[in-house]
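Listed below are the residues making up each chain.
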Amino acid sequence: MRTSTRIAGALTGLTLTLGGAVLAAPAVRADIPACTQMAELAGATASDSVTAACSRGVVGDLQSCVTGLTGAGVAGGAATGACRAAAHEPR
């Protein structure tokens, strides 16, 4: 068997293996509604700024999310909890 045939076969096997792992992985979905609900329970009014802050929490920018929520009237601890909820899959 030629070396180029072996390399091609190995690359094909690797591609199929990695592709299957990606397809088998569960889809991670963010939970913006949970974040906004927690923010509202902590004293914020539903607004575009609350939704925008929760959206930043979804992508993992916790500090910007907390800053946005505290600017909207949510206490620091509640803002942190809401931002962490934004990154989790809905239940």
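Everything quoted here is computed from the prediction, not taken from an experiment. What you see as residue numbers is a count from 1 along each chain, following the sequence as written. pLDDT decides what is reported in this predicted model: residues at 70 or higher carry local features, side-chain atom pairs at 80 or more are listed and counted, and totals for whole chains, interfaces and linings draw on all residues regardless. Only hydrogens and water are set aside; all other atoms, that is, all heavy atoms of the structure, feed into the side-chain values.

Undergrad: Explanation requested: the overall build of the protein chain in the structure shown.
TA: To qualify as a helix, a DSSP run of H or I must reach at least 4 residues; to qualify as a strand, a run of E must reach at least 2; elements of each kind are numbered from the N terminus. For the protein chain, the helix and strand inventory stands at 5 helices and 0 strands. Across the 91 residues that make up the protein chain, the buried fraction comes to 21%. Accessible surface for the protein chain amounts to roughly 5,900 Å². Of this, 62% is attributable to carbon and sulfur atoms. Only protein chains enter the accessibility calculation, which uses a 1.4 Å probe; a residue is then buried when its area is under 20% of its type maximum, exposed when over 50%, and partly exposed in between. Note on areas: these come from Shrake-Rupley sampling with a 1.4 Å probe, and a residue is covered only by the protein chains present in the view.

Undergrad: What should I look at first to understand helix α5 (residues 76-86) in this one?
TA: One turn of an α-helix holds 3.6 residues; hence residues three or four places apart share an orientation. Buried residues of α5: A79, A82, C83, A85 and A86, and no others. One face of α5 carries all of its buried residues, which in axial projection span an arc of 155 degrees. Check the buried side of α5 and you find it contacts α2 (32-41), α3 (48-58) and α4 (62-71). Here the arc refers to the set of directions running from the helix axis out to each C-beta atom. In what follows, a contact means two residues having at least one pair of non-hydrogen atoms within 4.5 Å.

Undergrad: Help me understand the confidence of the model for the protein chain, please; the structure alone is not making it clear to me.
TA: Known as pLDDT, the predictor's per-residue confidence is scaled from 0 to 100. On average, the protein chain scores 77 in pLDDT, and the residues at 70 or more come to 66%. Across residues 20-28, confidence stays below pLDDT 50; counting only partners more than four residues off in sequence or on other chains, it has 1 contact.

Undergrad: Explain the side chain of T36 to me, please; I cannot follow it from the model alone.
TA: With respect to the helices and strands, T36 occurs in helix α2. Looking at T36, the relative accessible area reads 14%, which means it is buried. We call two N or O atoms a polar contact when they sit within 3.5 Å, provided that within protein one can donate a hydrogen and the other can accept it, with sequence-adjacent residues counted only if both atoms are side-chain atoms. At 3.0 Å, the side chain of T36 and the backbone oxygen of P33 are in polar contact. Apart from the residues within four sequence positions on either side, T36 is in contact with V50, T51 and C54.

Undergrad: Looking at this structure, how should I read the state of the cysteines?
TA: Here, disulfide denotes a covalent bond that connects the sulfur atoms of two cysteines. Here, the term disulfide refers to a pair of cysteine sulfur atoms separated by no more than 2.5 Å. Applying the stated criterion across every chain yields a total of 2 disulfides. Across a sulfur-sulfur distance of 2.0 Å, C35 and C54 are joined as a disulfide pair. In this structure the cystine formed by C35 and C54 twists about its S-S bond by roughly -80 degrees; its chirality is therefore left-handed. Here C35 is found in helix α2, whereas its partner C54 is found in helix α3, with 19 residues between them in sequence. Between C65 and C83 runs a disulfide, and the two sulfur atoms are separated by 1.9 Å. Across the S-S bond linking C65 and C83, the dihedral sits near -90 degrees, which makes this disulfide left-handed. Remark: C83 occurs in helix α5 and C65 occurs in helix α4; sequence separation between them is 18 residues. Cysteine pairing for the protein chain (bonded cysteines numbered in sequence order): 1-2, 3-4.

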